[in-house]
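A closer look at the structure
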Amino acid sequence: MIECEHVYKQYKNGTNALYDVNFSVKQGEFVYIIGPTGSGKSTLIKLLDGEELPTKGNVEVVGINVGELKRKQVPIYRRNIGVVFQDFRLLPTKTVYENIAYALEVINMKKPQIKKRVDEVLDVVSLKEKKTSFPHELSGGQQQRIAIARAIANRPKVLIADEPTGNLDPGKSDQIMNLLERINKRYGTTILMVTHDLTLVNKHRKRTVVLEHGHIVADLAQGGYVRHDQ
Ligand SMILES: Nc1ncnc2c1ncn2[C@@H]1O[C@H](COP(=O)(O)OP(=O)(O)OP(=O)(O)O)[C@@H](O)[C@H]1O
Ligand SMILES: [Mg+2]
């Protein structure tokens, strides 16, 4: 489902963000990526979603060699993956319904199917009653649940989340984790989640990949307790 082979990323200014990264993720896995600030977590996500190209090595997602895509092929490739960010990134002038529907309109889904699909994902995130609300009328946790609903509306095979709980308090973060676990089980979506939140990592144990200075320094199959110095 996801394969990184000898992946290196050097940015134009000479910063080496990733060196010789190797890992693979099977369909249906739920994997955390943790590591100190600047260790290359977001860079890895950007290579997976086609925002950046690897300097060397192979990045393959859903059988597609992402590093070899042409710029204009990237939007089509992205239909295979859902992405969620720390800062939610909802469109402020659109309602909850319109935010989710828009993601489906751009892939030419028909109106009746869009309506059905939006209702379904709003049900998954338990926010049906907020359909006509605007993002600023929602709490941070609710906004993130809508962003997740939008990310899964197209039933992507892979969901990538870069610090999805970074702006939320522990209670809300737990809710988001429960929601991601539900999505992982219900749809078999492969989930890759970058996080700083070791409390969460230690509570909801899963395979945990640890990055440091652009290297993978540990890959803990069942999570296990991650110390704060890791
Ligand atoms: N566009 C860029 N141009 C140059 N250097 C960059 C760029 N983006 C990131 N870097 C550098 O690459 C390294 C890895 O950054 P990255 O954003 O991947 O870290 P991170 O693990 O996500 O950190 P954080 O936990 O703070 O989000 C850092 O040294 C960073 O300064
Ligand atoms: Mg980051």
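One can find the structure itself at the top, above this paragraph.
So, a few notes on the structure that sits alongside this text. The model shown is predicted, which means the values in this text are computed figures rather than measured ones.

**Regarding the pattern of salt bridges**
Scanning all chains against the criterion turns up eleven salt bridges. Measuring nitrogen to oxygen at the nearest pair gives 2.8 Å for the salt bridge that ties Lys 131 to Asp 119. Placement of the pair is Lys 131 in the loop between α4 (111-124) and α5 (140-152) and Asp 119 in helix α4, with a sequence separation of twelve residues. A relative accessible area of 26% means that Lys 131 is categorised as partly exposed. As a salt-bridge pair, Glu 120 and Arg 186 come within 4.0 Å of each other at their nearest N and O atoms. Here Arg 186 lies in helix α6 (residues 170-187) and Glu 120 lies in helix α4, a separation of 66 residues in the sequence.

**Observations concerning the site of ligand 1**
Taken together, 13 residues surround ligand 1, and among them Thr 37, Gly 38, Lys 41, Ser 42 and Thr 43 come closest. At a separation of 2.7 Å, an oxygen atom of ligand 1 approaches a polar side-chain atom of Lys 41. In this structure, an oxygen atom belonging to ligand 1 sits 2.5 Å away from a side-chain N or O atom of Thr 43. Considering ligand 1 on its own, with 630 Å² of exposed area, one finds that the protein chains cover 65% of that surface. Among the elements that take part in the shell around ligand 1, helix α1 (residues 41-48) stands out by supplying three residues, more than any other.

**Quick look at the sheet that holds strand β6 (residues 81-85)**
Spatially, six strands are ordered β6-β7-β8-β3-β9-β10 in an open sheet, and the strand pairing comes out mixed. One side of each edge strand has no neighbouring strand; the edge strands of this open sheet are β6 and β10 (215-220). Across this sheet, the average inter-strand angle for adjacent strands is 15°, counted without regard to direction. Where β6 and strand β7 (residues 158-162) come together, five bridges link them in parallel fashion.

**A look at the packing of aromatic side chains**
For the structure shown, the criterion picks out one aromatic pair. Pairing Phe 30 with Tyr 32 gives two aromatic rings, centres 6.0 Å apart and planes at 55°, and the pair type is tilted. Sitting over the ring of Tyr 8, Lys 56 keeps its end group 4.4 Å from the ring centre. The aromatic ring of Phe 85 is capped on one face by Arg 89, whose charged end is 3.7 Å from the ring centroid.

**Here's the deal with the packing of α5 against α6**
At a minimum axis separation of 10 Å, α5 and α6 run at an interaxial angle of 15°. Relative to α6, α5 is oriented roughly parallel. The crossing of α5 and α6 is right-handed. Facing α5, whose interface residues are Gly 141, Gln 144, Arg 145, Ile 148 and Ile 152, α6 presents Lys 172, Gln 175, Ile 176, Leu 179, Leu 180, Ile 183 and Tyr 187. Split into classes, the residues belonging to the contact of α5 with α6 amount to seven nonpolar, three polar and two charged.

Basis of the calculations
- Counting from 1, residues in each chain are numbered in the order their sequence is written.
- Here every chain gets a letter starting at A, and every ligand a number starting at 1, in the order they are written.
- Whole-chain, interface and lining totals are the exception, using all residues; otherwise, since this is a predicted model, local features are given only for residues with pLDDT of at least 70 and side-chain atom pairs are given and counted only at 80 or more.
- By convention in this description, side-chain values take in all heavy atoms of the structure and omit both hydrogens and water.
- The term salt bridge refers to a pairing of a side-chain nitrogen on Lys or Arg with a carboxyl oxygen on Asp or Glu at a separation within 4 Å.
- Runs of E in the DSSP output that reach at least two residues are strands. Runs of H or I that reach at least four are helices, and both are numbered from the N terminus.
- A 1.4 Å probe rolled over the protein chains alone gives each residue an accessible area, and that area as a share of the maximum for its type sets the label: buried under 20%, exposed over 50%, partly exposed in between.
- Note on definitions. A residue lies near a molecule or strand when any single heavy atom of the residue is within 4 Å of it.
- In the analysis that follows, any N or O atom pair within 3.5 Å is treated as a polar contact, provided that within protein one partner can donate a hydrogen and the other can accept it, and provided that, for residues neighboring in sequence, both atoms belong to side chains.
- The method behind every accessible area is Shrake-Rupley, applied with a 1.4 Å probe, and residues are considered shielded solely by the protein chains displayed.
- Should DSSP find at least two bridges between two strands, the strands are regarded as paired.
- Every angle, taken between N-to-C directions, lies between 0 and 180 degrees, and every axis is a line fitted to C-alpha atoms, over only the stretch in contact when it is a helix.
- To pair, rings of Phe, Tyr and Trp, with the six-membered ring standing in for Trp, must have centres within 6.5 Å; the planes then decide the type, stacked if under 30 degrees apart, edge-to-face if over 60, and tilted in the middle.
- To sit over a ring, a charge needs its Lys NZ or Arg CZ within 6 Å of the ring centre and within 35 degrees of the ring normal.
- When describing relative orientation, an angle under 35 degrees is termed roughly parallel and one over 145 degrees roughly antiparallel, while 65 to 115 degrees is termed roughly perpendicular and anything else oblique.
- Here a crossing is called left-handed whenever its near helix is offset anticlockwise from the far helix by less than a right angle, and right-handed whenever the offset is clockwise.
- Residue contacts are counted whenever heavy atoms from the two residues lie within 4.5 Å of one another.
- Throughout this entry, Asp, Glu, Lys and Arg are counted as charged residues, while Ala, Val, Leu, Ile, Met, Phe, Trp, Tyr, Cys and Pro are counted as nonpolar. The remaining residues, Gly among them, count as polar.

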